[in-house]
Amino acid sequence: MILDAKHTLQQKLFREFAETEFTKELQEKLDLEGEFDWDIFHKMAKYGFTGIKIPKEYGGSGSDYLTYCLMIEELARVDCVLSVYANTSNSLGGGPLVIAGSEEQKAKYLPPIAKGEKIMVFALTEPGAGSDAGGTTTTAVQDGDDFILNGRKTFISGAPVADWCLVFAKTDPTAKGSRGISMFIVDMKLPGVSCGAHENKMGINGYPTSDVILEDVRVSKDCLVGPLHKGFSIAMKTLDGGRLGMAAQAVGVAQACLDESIKYAKERKQFGKPIADFQGISFMITDMATEIAAARELVYNAANLKDANMDATTACSMAKYFAAEVANRCAYKAVQIHGGYGYIKEYKVERLYRDARITSIYEGTSQIQQVVISGNLLKK
Ligand code: COS
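**Student:** Looking at this model, I keep getting lost on the domain arrangement of the chain. Mind explaining?
**Tutor:** Interface size is commonly expressed as the accessible surface area that is lost when the partners come together. Considered domain by domain, the chain is made up of domain 1 (5-114), domain 2 (120-229) and domain 3 (233-378). Of note, the centres of domain 2 and domain 3, computed from C-alpha atoms alone, are 30 Å apart. The interface is formed by 11 residues belonging to domain 2 together with 11 residues belonging to domain 3. Of the roughly 850 Å² buried where domain 2 meets domain 3, counting both sides, 77% is carbon and sulfur surface.

Have a look at this one:
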């Protein structure tokens, strides 16, 4: 797809920002220490990244999905984890409120998260409910004008730095499967809310992940988002857009693998010539470039469908499925092209290999995308 002048300019600005601000030192510090970097987060917020998909009336810039994808792709091309910094508020954090929040909820919560003053995270997964997200066992029991929440959410990205958390809990214990689940805004400072230990992850270090534990947490009924018992559909609708962002991220990671491989293959000499002159190398580079081009088309096409308000569930899952697998294949090839050097931390492909791995796991594994795609193709 040929980008129009507006999107080409935006792409250039995102690229310039990432290449200037995401210094090698910052990238290495994030990967090594795993701590959230507030300075770069606030800078990204100042440039409007955290509010890019949030409507203008709630403090964001109300950009289209294509712009959002270009942003995530360009940030991830330089550093995958820093694309997550810009993503959360636009996707799983702010998305459910944009989709189903009341006017009061939107006015209260969206402006601070769009401006990066507060962080909202999404808590769907549980120790026993990962791919089977409908198997939620966290409960919310009504008590007068309040609900009392109990349960444990797991692998919650950003939980240790969050101000608020969107918690999915069973409100109708008699309802089967994904039915009878509701969504609540939970203030992380409320009595009974705590975070587990920071997970020691393989990649995307610098964006802390932990469990969220809820012990008799009392929230007012004003914190219920969307209709009672109807939270699961909101989660799924949110994940449609979320998966698109993650597909764009995977394209960015894959492109970084290709960029590094081309650079290295031209520099590195063996048998008296650059290794790029050997077809064993140049054909790997060809495959990477071809697959990335295809993945990018799927991402931009799904973004266009969403911008046209058309049904994009299948297209988003196809983009996520294909782009994530491409990112993994490209990371494998990039390390292979670098040989022994690709296996040491001094070279960027070592981190890319680890970062790529998450793209086919979070926001629905590749196998869950296959379930969604085949389910839609074969539905009666
Ligand atoms: N948009 C809106 N509603 C949707 C939807 C979508 N894209 N997909 C499903 N729904 C609705 C269905 O219409 C159905 O509604 P009713 O109960 O009113 O009939 C409900 O959600 C349940 O749908 P379904 O029967 O397909 O749900 P399943 O329990 O079979 O689960 C999968 C479907 C496996 C696809 C879902 O559990 C899933 O996506 N799992 C992965 C979760 C995930 O991505 N986790 C990552 C954590 S967030 S980082």
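**Student:** Would you mind showing me how to read the site of the ligand here?
**Tutor:** Close contacts around the ligand come from 20 residues, with Ser131, Arg179, Asp240, Arg243 and Gly364 the closest. Contacts to the ligand include Arg243, whose side-chain N or O atom sits 2.8 Å from an oxygen atom. Gly364 places a polar main-chain atom, nitrogen or oxygen, 3.0 Å from an oxygen atom of the ligand. Breaking the shell around the ligand down by element, the ones donating at least two residues are helix 8 (231-267) and helix 12 (366-378). Here the shell around the ligand is built from residues that sort into eight nonpolar, seven polar and five charged.

**Student:** Got a minute to help me understand a negative patch on the surface in this structure?
**Tutor:** On the surface, Glu57, Glu103, Glu104 and Asp222 cluster together into a negatively charged patch. Glu104 gets classed as exposed once you look at its relative accessible area, which sits at 61%.

**Student:** Looking at this model, I keep getting lost on the pairing of strand 3 (residues 146-157). Mind explaining?
**Tutor:** If a strand is regular, its side chains alternate between the two faces of the sheet. As judged from the five bridges shared by strand 2 (residues 139-143) and strand 3, these two strands associate in the antiparallel manner. Looking at strand 3, one finds that Asp143 is bridged to Asp146. Counted between consecutive antiparallel strands, the loop separating strand 2 from strand 3 contains two residues, among which Gly144 sits at a positive phi close to 65°. The pairing of strand 3 with strand 7 (residues 209-220) spans nine bridges and is classified as antiparallel. Counterpart to Ser157 in the pairing with strand 7 is Thr209.

**Student:** Looking at this structure, how should I read the packing of helix 10 (residues 313-338) against helix 12?
**Tutor:** Angle between the axes and distance between the axes are the two parameters that describe a pair of packed helices. Interaxial distance between helix 10 and helix 12 falls to 9 Å at its minimum, and their mutual angle equals 145°. You can see that helix 10 and helix 12 cross each other, and the crossing is left-handed. Together, Thr313, Thr314, Ser317, Met318, Lys320, Tyr321 and Glu325 of helix 10 and Ser366, Gln369, Gln370, Val372, Ile373 and Asn376 of helix 12 make up the contact between the two elements. The class makeup of the residues in the contact of helix 10 with helix 12 is four nonpolar, seven polar and two charged.

**Student:** Just to check I follow, could you spell out the packing of aromatic side chains for this structure?
**Tutor:** In this description, a pair of aromatic rings is defined by centroid distance and the angle of the planes. Following the criterion strictly, the structure yields 20 aromatic pairs and no others. Centre to centre, the rings of Tyr264 and Tyr347 are 6.1 Å apart; their planes meet at 90°, and the pair counts as edge-to-face. Here Tyr347 lies in the loop between helix 10 and helix 11 (348-359) and Tyr264 lies in helix 8, a separation of 83 residues in the sequence. Each residue in the set Phe14, Phe17, Phe22, Tyr47 and Phe49 is aromatic and connected to the rest through ring pairs, giving one cluster. If you follow Lys53 out to its NZ or CZ, it ends over the ring of Tyr65, 4.2 Å from the centre. Above the face of the Phe278 ring, Lys273 is positioned so that its terminal group lies 4.9 Å from the ring centre.

Thresholds applied
Residues numbered from 1 in each chain as written. Predicted model: local features only at pLDDT ≥ 70, side-chain atom pairs only at ≥ 80, totals over all residues. Heavy atoms only, no water. Domains from an automatic or database assignment. Contact = heavy atoms within 4.5 Å. Buried area = accessible area lost by both parts, 1.4 Å probe. Near = heavy atom within 4 Å. Polar contact = N/O pair within 3.5 Å; in protein donor to acceptor, adjacent residues only side chain to side chain. Helix = DSSP H or I, 4+ residues; strand = E, 2+ residues; numbered from the N terminus. Nonpolar A, V, L, I, M, F, W, Y, C, P; charged D, E, K, R; others polar. Patch = residues over 30% accessible without salt bridge, like charges linked within 9 Å, V, L, I, M, F, W, Y side chains within 5 Å. Areas by Shrake-Rupley, 256 points an atom, 1.4 Å probe, with all protein chains shown as cover. Salt bridge = Lys/Arg side-chain N within 4 Å of Asp/Glu carboxyl O. Lys, Arg positive; Asp, Glu negative; His and termini not counted. Charge placed at Lys NZ, Arg CZ, Asp CG, Glu CD. Buried < 20%, exposed > 50% of the residue type's maximum accessible area, 1.4 Å probe, protein only. Pairing = 2+ DSSP bridges. Axes fitted to C-alpha atoms, helices over the stretch in contact; angles between N-to-C directions. Left-handed = near helix turned anticlockwise from the far one by under 90°. Phe/Tyr/Trp six-rings, centres within 6.5 Å; stacked < 30°, edge-to-face > 60°. Lys NZ or Arg CZ within 6 Å of the ring centre and 35° of its normal.

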